[in-house]
Amino acid sequence: MRVLRTLFWLLMLPATANLLAQNAGLPKLEHFDATQVDTSVSPCDDFYQYVNGKWIASHSIPSDQASWGVANPLELWNETLLRETLEKNSAADPHRTSNQQKVGDFYYACMDEKGIDAHAAEWIKPELARIDALKTKREIAQEIAHLHETLPGAWVQEENQTDAALLGFSGQPDFDDASREVAEFDQGGMGLPGRSFYLDQDDKAKDIRAKYLEHIQNMFVLSGEKPEEAKADAAVVLEIETAFAQGAMDPVARRDPKNLNNKMSLAEVKALTPSFDWEGYLEAVGAPATPHYIVTSPNFFKALEKELTQQPLERWKVYLRWQFLHGAAPSLGTPFVNENFNFFGRTLFGVQQLQPRWRRCVRAVDSNLGEALGQVYVERAFPPESKQRVLRLVGDIESALAKDIDTQDWMAPETKKQAIEKLHATLNKIGYPDQWRDYSSVVIGRDSHFENRRNATRFEFERWVAKIGKPVDRTEWQMTPPTINAYEDPQTNTINFPAGILQPPFFDATRDDAVNYGSIGAVIGHETIHGFDDQGRKFDAVGNLRDWWTAQDATEYDKRGKCIADEYTQEVPEAGPGVKQDGRLTQGEDTADNGGLHLAFMALQESLARQGKDLDTKEADGLTPRQRFFLSYAFSWCDIYRPELLRTLVLTDPHSYPKYRVNNVVSNMPEFWKAFGCHADQKMVRTKACRIW
């Protein structure tokens, strides 16, 4: 499992505000405005409400959104810009470049809703027949290989599980030798977001499972089954997936990379699940030789063995039909798309209306041909001067961390030395790849969205499998250039900031340092700290999983980490009654939020000193740079969530609710207390403040 730590709960799509003056007809973006604070609230009692109350009161969540905040206009702005590019390239022009043809025709076929509706039945017929033709349970491995090659997700390791049929498989950096890629098997095969959705016994969990059964039944009916048969088949699917959930590793345990680093020979893998034809699967996907296999969750594969031996072939065919329909739904006809949205959009996230098709198709191109689309995007939206300014910001943040490490009185000199070595070895990747991905072998046509998606998936899956046995490429990106997000990868020791997030309200060239350090500076600090949070600290400068801490330093670290985990273990009333966040699940992100803002503040202080300025002199707007720094930080997290979305995230996602990403952080910072004159008896002053970095 690739231990990537991202800034947001999802991969938000891009923003391209640098060229706003040239694109005045595009949607309006949000910019930080210190005059919009809610003065009816004290900043020392609820800083999030103080900064964002007026904005929240004047906005509502659109019917086609799960949440709405200051970053969402970036999505719409960018998607509109990309739509213009895609529509231009979707014309059948023989003079188009290879990338223009592929992204244009992918978009054209995706937008052909009438054609998709007319042909969806004939597209799924041979796939269902292929499953029906299975003669023995040993052949299940061949079908899983086929599904992995044609449906997205087998190579994508998420916090809870791989979103693929039965299991995940790909090349990944070896935990003990991060310079080489090895083969890895991960838990998967479950349609619900996490194991708790199968196992929890509260009324809400039971209600969601009942609606999930209805959804599976409806999908089977759409594929041609009679309602009575579909109802029985839905129960089979839930029974098998529940068994997988019982064997799966829980998300808190998965946060410790030591729990995932289970090396096995092929003989040991086969002994774990002897009823699965491992050799047949590996041959079918063209897996190269590997010195060993990493099996992230052995108990999951023991549960798989139990199901393979106990469930008859006909029940396995039901499960495989569901996995195909579930994975293919976005590329099928309108009834499938609507039914898929009704459960995953409406039930799990609370969204009331499906987004316009053009927006879904822009995202489909980005998901399937991201660097082909991203190359065009960068040319239009991310000038070299932006990259240089961000690199300077990164340098300031890293200098702040070096000073912070040096001042820690709980760290031994030898531990500090290795921490500095790791910091200096970090590779900073800004905006876009130095070497663009070559999509020339991907066949994309104008006639079948279903086939285009399969071809793009096959290319990506084969690319991930082909990594096995090869050197790790630190320069490769795991996000597309237009993405509004960022991530840290401890196994390559890289921090990565796509061009999409380097835009307002996160990075605004028209604003002063205080505003930018409070927003994008905190983002950079967040990702930098991930290399030294409770997960990242277990990897060394070259990305190996190695304990480089003295025993005493590790104890001191864990004590400080527990303070943060305890602080964030709290009821989340906005998600519904009885919903409680587990601070152990969010500890890494919460550590990065706290440490990241502290580093950004240190960097701002240094930047102002270079300019002969200080933090506490009021400027033209009547505010000090210290105050604008914290105001900007809080504004960048301004967001409204639907309760359904928030409940799903609290149960499965390692990021805290935006309100707590602001209030819990600033309440730990004396620098904030000074900015707004907060006193010990006020809510934003934590008497036992938590801090690691």
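Report on the accompanying structure. All of these numbers come straight from a predicted model, not from anything done at the bench.

Topic: the pairing of strand E3 (residues 167–173)
- Within E3, seven of the seven residues are buried, which leaves the element mostly enclosed by the surrounding structure.
- The alternating pattern of E3 places Leu 167, Phe 169, Gly 171 and Pro 173 on one face and Gly 168, Ser 170 and Gln 172 on the opposite face, and all of these are buried.
- Here E3 runs beside strand E4 (residues 181–187); their pairing, made up of seven bridges, is antiparallel. When the sheet's bridge partners are listed, Pro 173 is paired in E4 with Glu 181.

Overview of the packing of aromatic side chains
- This model, assessed by the stated rule, comprises 40 aromatic pairs.
- With centroids separated by 6.4 Å and ring planes inclined at 55 degrees, the aromatic side chains of Tyr 557 and Trp 693 adopt a geometry described as tilted. One end of the pair, Tyr 557, is in helix H22 (residues 551–568); the other, Trp 693, is in the segment after helix H27 (670–676), with 136 residues separating them in the sequence.
- An aromatic cluster is present here, built from Phe 169, Phe 185, Phe 244, Phe 276, Trp 278, Tyr 281, Tyr 293, Phe 300, Phe 301, Trp 316 and Tyr 319 joined pairwise through their rings.
- The ring centre of Trp 464 lies 4.8 Å from the NZ or CZ of Lys 467, which sits over that ring.
- When the ring centre of Tyr 557 is taken as reference, the NZ or CZ atom of Arg 537 above it lies at 4.9 Å.

Digging into the sheet that holds E3
- The strand order E3-E4-E6-E5 describes an open sheet built from four strands, whose pairing is mixed. Looking at which strands have only one partner, the edges of the open sheet turn out to be E3 and strand E5 (263–264).
- The pairing of E5 with strand E6 (residues 293–295) spans two bridges and is classified as antiparallel. Its bridge partner being in E6, Met 264 is matched across the sheet by Tyr 293.

Thresholds applied
Residues numbered from 1 in each chain as written. Predicted model: local features only at pLDDT ≥ 70, side-chain atom pairs only at ≥ 80, totals over all residues. Heavy atoms only, no water. Buried < 20%, exposed > 50% of the residue type's maximum accessible area, 1.4 Å probe, protein only. Helix = DSSP H or I, 4+ residues; strand = E, 2+ residues; numbered from the N terminus. Pairing = 2+ DSSP bridges. Phe/Tyr/Trp six-rings, centres within 6.5 Å; stacked < 30°, edge-to-face > 60°. Lys NZ or Arg CZ within 6 Å of the ring centre and 35° of its normal.

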